[in-house]
Amino acid sequence: MNAIRKFMFYKQSDGKENRIYLSGELDLSAASSLANVLDSVVRKEEETLILDLKELKYIDSTGIGLIVSAIKVRAAMHAAFQIDHIPAKVRRLFDITGVSSYLHNNGSLRENQRVTERKEEII
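As recorded in an unreviewed UniProt entry, the protein chain goes by Anti-sigma factor antagonist and comes from Paenibacillus allorhizoplanae.

Draft legend 1. View of the packing of helix 1 (residues 28-41) against helix 2 (residues 61-77). In the contact formed by helix 1 and helix 2, the axes pass within 9 Å of each other and the chain directions differ by 15°. Comparing their axes, helix 2 and helix 1 come out roughly parallel. Of the two possible hands of crossing, helix 1 and helix 2 adopt the one that is right-handed. Residues L28, A31, L34, A35, L38 and V41 of helix 1 pack against T62, L66 and R74 of helix 2. Counted by class, the contact of helix 1 with helix 2 contains seven nonpolar, one polar and one charged residues.

Draft legend 2. Geometry of the sheet that holds strand 2 (residues 17-26). Across the sheet, which stays open at both edges, the four strands sit in the order 1-2-3-4 with mixed pairing between neighbours. In this open sheet, the two edge strands, each paired with only one partner strand, are strand 1 (7-13) and strand 4 (81-84). Adjacent strand axes in the sheet meet at a mean angle of 15°, parallel and antiparallel pairs treated alike. Of the strand pairs in this sheet, strand 2 and strand 3 (residues 48-59) are connected by nine bridges, and their pairing is parallel. Bridge pairing links E25 to Y58 in strand 3.

Draft legend 3. Molecular detail of helix 2. Taking 1.5 Å per residue, 17 residues should reach 24 Å; helix 2 reaches 24 Å between its end C-alpha atoms and fits that length. What helix 2 keeps buried is the set G63, I64, L66, I67, A70, I71, R74, A75 and M77. The arc that holds the buried residues of helix 2, viewed along the axis, is 165°, so those residues lie on one side. In helix 2, those exposed residues whose orientation departs by more than 90 degrees from the buried face are S61 and A76. On the buried face of helix 2, the contacting elements are strand 2, helix 1, strand 3, strand 4 and helix 3 (88-97). Where helix 2 begins, the capping side chain belongs to D60, and its oxygen is found 3.0 Å from the backbone nitrogen of T62. Backbone geometry just downstream of helix 2 places H78 in the positive-phi region, at approximately 55°.

Calculation rules
Residues numbered from 1 in each chain as written. Predicted model: local features only at pLDDT ≥ 70, side-chain atom pairs only at ≥ 80, totals over all residues. Heavy atoms only, no water. Axes fitted to C-alpha atoms, helices over the stretch in contact; angles between N-to-C directions. Helix = DSSP H or I, 4+ residues; strand = E, 2+ residues; numbered from the N terminus. Parallel < 35°, antiparallel > 145°, perpendicular 65-115°, else oblique. Left-handed = near helix turned anticlockwise from the far one by under 90°. Contact = heavy atoms within 4.5 Å. Nonpolar A, V, L, I, M, F, W, Y, C, P; charged D, E, K, R; others polar. Pairing = 2+ DSSP bridges. Expected span 1.5 Å × (residues − 1). Buried < 20%, exposed > 50% of the residue type's maximum accessible area, 1.4 Å probe, protein only. Arc of directions from axis to C-beta. Polar contact = N/O pair within 3.5 Å; in protein donor to acceptor, adjacent residues only side chain to side chain.

This is how it looks when you write it as structure tokens:
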């Protein structure tokens, strides 16, 4: 019996940019494969990192955490980063979790944006 793959990605590089296309459901079970590919490109300061989410159907907190980690690393290096084709449901989650506040409307990382951990007090 063939298992149906819930999450897939495709990486395209040309020396100037690394574009990673995500499709399916990015959850805990898929996070390690995406983490591996992100680790291989996130510190390449001279190359733009682009995540294309056009085919992403679902993302959980683990997937959002991976994206936030990439944002933090790229911001600290002042390296180009953007997220293209954010589906409405994913954009809503980005808005709720505060990820959108680090991105321009076109999905690129805001310049000189201070990316820090959110500190919240539980009452």
